[in-house]
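# Results of the structural survey
Chain by chain, the residues:
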Amino acid sequence: MLQDLTGKAPTDIPLDDKETMSIFNSTTALGVTPEQIKSEVGTFGIPEYGTKFARGMLMDTHPTTFDELIRLSGLSHGTDVWLGNAQTLIEEGVVTLKEAICCRDDIMVYLMKKGVPPDKAFKIMETVRKGKALKDPEKWEGFKKVMKDYDIPDWYVKSCEKIKYMFPKAHAAAYVTNAFRIAWFKVHIPLAYYAAYFTIRAKAFDAEFMINGKAKVEAKMQEITSLGNAATPKDKEMYDDLELVHEMYERGFEFLPVDLYKSHSTKFQIEDEKIRPPLNCIAGLGTVAAESIYQARLEEPFECIEDMQARSKIGKSVTELLEKFGCLKGMTKSNQMSLFV
């Protein structure tokens, strides 16, 4: 969708763009402060790095290179690789992010550099990445002896013993490449980024709370936050979308109203340097009804509300939602003329 909106092929995006790289470490390239968006990094909505957990990893490590982003991807997808393991070692200054065990390949490469024969290095990697270091104590003792013979440090051996699953580096590199390309659009062509994100990734976009200005967004965010543990999964999904909407407002961008004739059925569109929301972002209207209205209007304009209902096959509840959002302003209920005054 980003390519369709901009004409920019993802494969043409430079993976060494400094401004894009900076959002994994700060918010400056987005033109906002951490206080404005309540985050020290600018990765809301970026695959791999948009969740609270992933943003915490970024703040703990302050990555500045593409290689470090790949390492973080490996850490986030592994089991017992980051929490209680690499995170602690980095915090205590035992290792840096570049030295930590992040992807399964790191083990084999590290051991071979230390002089361990390739076949043994591979077997040790396979044992660790499958979480079998402690499941087969006798076998692991043999591997520990091999590592001791090659002066592998104790922290490294203990780190291996904690791991239950490790991510392959090739997968991490592919994920990060895609994430970086999307981040490039967020930095350099933001309206296209937000339009694409809200169309494809937003799970709980609700026009009532999101298209009517920053104050309404902030109020809804506060309301969900105040729920604490009582917040439902739907509330949490909406909060994620609200963070992106709030960031968009803070960057100076706005939404246009939902419009019966100008809004697409399901896609957010760029119009006059603003974003026009689709019909289906009205909660309760639904994609089927939105598509039916959209297709009917393409045939010819609606003569009146009754004509719209008949041709779009929508009922009273959907009509009331359209009225609530001002979509039917100026339309008469019927095109019949009264014979009597």
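This text follows the structure it describes.
Residues numbered from 1 in each chain as written. Predicted model: local features only at pLDDT ≥ 70, side-chain atom pairs only at ≥ 80, totals over all residues. Heavy atoms only, no water.

### Observations concerning the packing of aromatic side chains
Considering all chains together, one arrives at 21 aromatic pairs under this definition. Here the aromatic rings of F198 and F205 are separated by 5.2 Å at their centres, their planes lie at 55 degrees, and the arrangement is tilted. Classification of F198 as buried rests on a relative accessible area of 3%. Its relative accessible area of 12% is what places F205 among the buried residues. Aromatic pair F198 and F268: ring centres 5.6 Å apart, planes at 50 degrees, arrangement tilted. Remark: F268 occurs in the loop between α15 (233-250) and β1 (269-271) and F198 occurs in helix α12 (residues 190-200); sequence separation between them is 70 residues. Connected via pairs of aromatic rings, a cluster forms that spans Y193, Y194, Y197, F198, F205, Y249, F253, F255 and F268. Taking the ring centre of F209 as reference, the NZ or CZ of K220 above it sits at 4.2 Å. (Phe/Tyr/Trp six-rings, centres within 6.5 Å; stacked < 30°, edge-to-face > 60°. Buried < 20%, exposed > 50% of the residue type's maximum accessible area, 1.4 Å probe, protein only. Helix = DSSP H or I, 4+ residues; strand = E, 2+ residues; numbered from the N terminus. Lys NZ or Arg CZ within 6 Å of the ring centre and 35° of its normal.)

### Describing helix α10 (residues 154-162)
Taken together, the buried positions of α10 are occupied by Y156, V157, S159 and C160. Buried residues of α10, seen end-on, are gathered within an arc of 160 degrees and therefore sit on one face of the element. Opposite the packed face of α10, turned more than 90 degrees from it, sit the exposed residues D154 and K158. Summarising the contacts, the buried residues of α10 are in contact with α6 (82-91), α7 (104-113), α8 (118-129) and α9 (137-149). (Arc of directions from axis to C-beta. Contact = heavy atoms within 4.5 Å.)

### Let's talk about the nonpolar core
Judged by nonpolar contacts, the single largest core of 105 residues is most densely connected at F24, I107, F198, F205, F255 and L322. Here this core gets 9 residues from one element, more than from any other, and that element is helix α11 (residues 169-188). Setting aside chain neighbours within four positions, we find L322 in contact with L260, I282, L285, I293, M308, I314, C327 and L328. (Core = buried A, V, L, I, M, F, W, Y, C linked by side-chain atoms within 4.5 Å.)

### Considerations on the side chain of K220
Mapped onto the elements, K220 comes out in helix α14 (residues 214-227). Overall, the relative accessible area of 11% leaves K220 in the buried class. Dropping the residues within four chain positions of it, K220 is found in contact with F209, M238 and L242.

### Quick look at the pattern of salt bridges
Counted under the stated rule, the structure contains 18 salt bridges. The salt bridge partner of D67 is R71, with a shortest N-O separation of 3.3 Å. Here D67 and its partner R71 are both found in helix α5 (residues 66-77), 4 residues apart, which amounts to about one turn of the helix. Residue R71 is classed as buried on the basis of its relative accessible area of 11%. Between D80 and K164 there is a salt bridge, and its shortest N-O distance comes to 2.4 Å. A residue pair is termed long-range when its members are at least 10 positions apart, and D80 in the loop between α5 and α6 and K164 in the loop between α10 and α11 qualify at 84 residues. Look at D80 and you get partly exposed, because its relative accessible area is 30%. Because the salt bridges share partners, they merge into one network encompassing D67, R71, D106 and K169. (Salt bridge = Lys/Arg side-chain N within 4 Å of Asp/Glu carboxyl O.)

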